[in-house]
Amino acid sequence: QVQLVESGGGVVQPGGSLRLSCAASGNFFHINAMGWYRQAPGKQREFVATSINGRNASYADAVKGRFTISRDNTKNSVYLQMNSLRPEDTAVYYCNARMSSRLFGPLNDYWGQGTRVTVSS
């Protein structure tokens, strides 16, 4: 069993900052990538940012220059520093991890339960 536990969501005013955290635990061999997706009310889940092997990061255009993803491989964790938040960033943010359970095993996607971020004055 693999668990992803997110924390750090909340309510913030426009222009403010939040830091999301996600820690993976359970039975896995290797984490290939960890990242964040979000789902706003009435919309489909969308990609926000990902960190591959703790080195290569990519971002959605909507968050480039405002959000920063980082990894701590010693803690099997990923973080999302969100600055200059806008009302359109309001969503439930989901942690994603792509992992293998054994050497040379297939990569599978795992999801956290989500943490809500509300940007409002």
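Calculation rules
- Residues numbered from 1 in each chain as written.
- Predicted model: local features only at pLDDT ≥ 70, side-chain atom pairs only at ≥ 80, totals over all residues.
- Heavy atoms only, no water.
- Salt bridge = Lys/Arg side-chain N within 4 Å of Asp/Glu carboxyl O.
- Buried < 20%, exposed > 50% of the residue type's maximum accessible area, 1.4 Å probe, protein only.
- Helix = DSSP H or I, 4+ residues; strand = E, 2+ residues; numbered from the N terminus.
- Phe/Tyr/Trp six-rings, centres within 6.5 Å; stacked < 30°, edge-to-face > 60°.

Q: Honestly, the pattern of salt bridges in this entry has me stumped. Any pointers?
A: Any two side chains of opposite charge can pair, given that their charged atoms come close. Inspection of every chain in the model, using the stated rule, returns five salt bridges. Here Lys 64 and Asp 61 are joined by a salt bridge, their closest N and O atoms 3.2 Å apart. You can call Asp 61 exposed: its relative accessible area is 64%. Residue Arg 98 pairs with Asp 109 through a salt bridge whose shortest N-O separation is 2.9 Å. A residue pair is termed long-range when its members are at least 10 positions apart, and Arg 98 in strand β9 (residues 91-100) and Asp 109 in strand β10 (residues 107-111) qualify at 11 residues. Note on Arg 98: relative accessible area 36%, which makes it partly exposed. On the basis of relative accessible area, Asp 109 is assigned to the partly exposed category, the value being 36%.

Q: Sorry if this is basic, but what is going on with the packing of aromatic side chains here?
A: The relative placement of two aromatic rings is captured by the distance of their centres and the angle of their planes. A full pass over the atoms with the stated rule returns two aromatic pairs. When the ring of Tyr 37 is compared with that of Phe 47, the centres are 5.6 Å apart and the planes differ by 75 degrees; the resulting orientation is edge-to-face. In this pair, Tyr 37 sits in strand β4 (residues 30-39) while Phe 47 sits in strand β5 (residues 46-52), placing the two residues 10 residues apart along the sequence. Relative to Trp 111, the ring of Tyr 37 lies with its centre 5.1 Å away and its plane at 70 degrees, an arrangement referred to as edge-to-face. Here Tyr 37 is found in strand β4, whereas its partner Trp 111 is found in strand β10, with 74 residues between them in sequence. By relative accessible area, Tyr 37 is classed as partly exposed at 25%.

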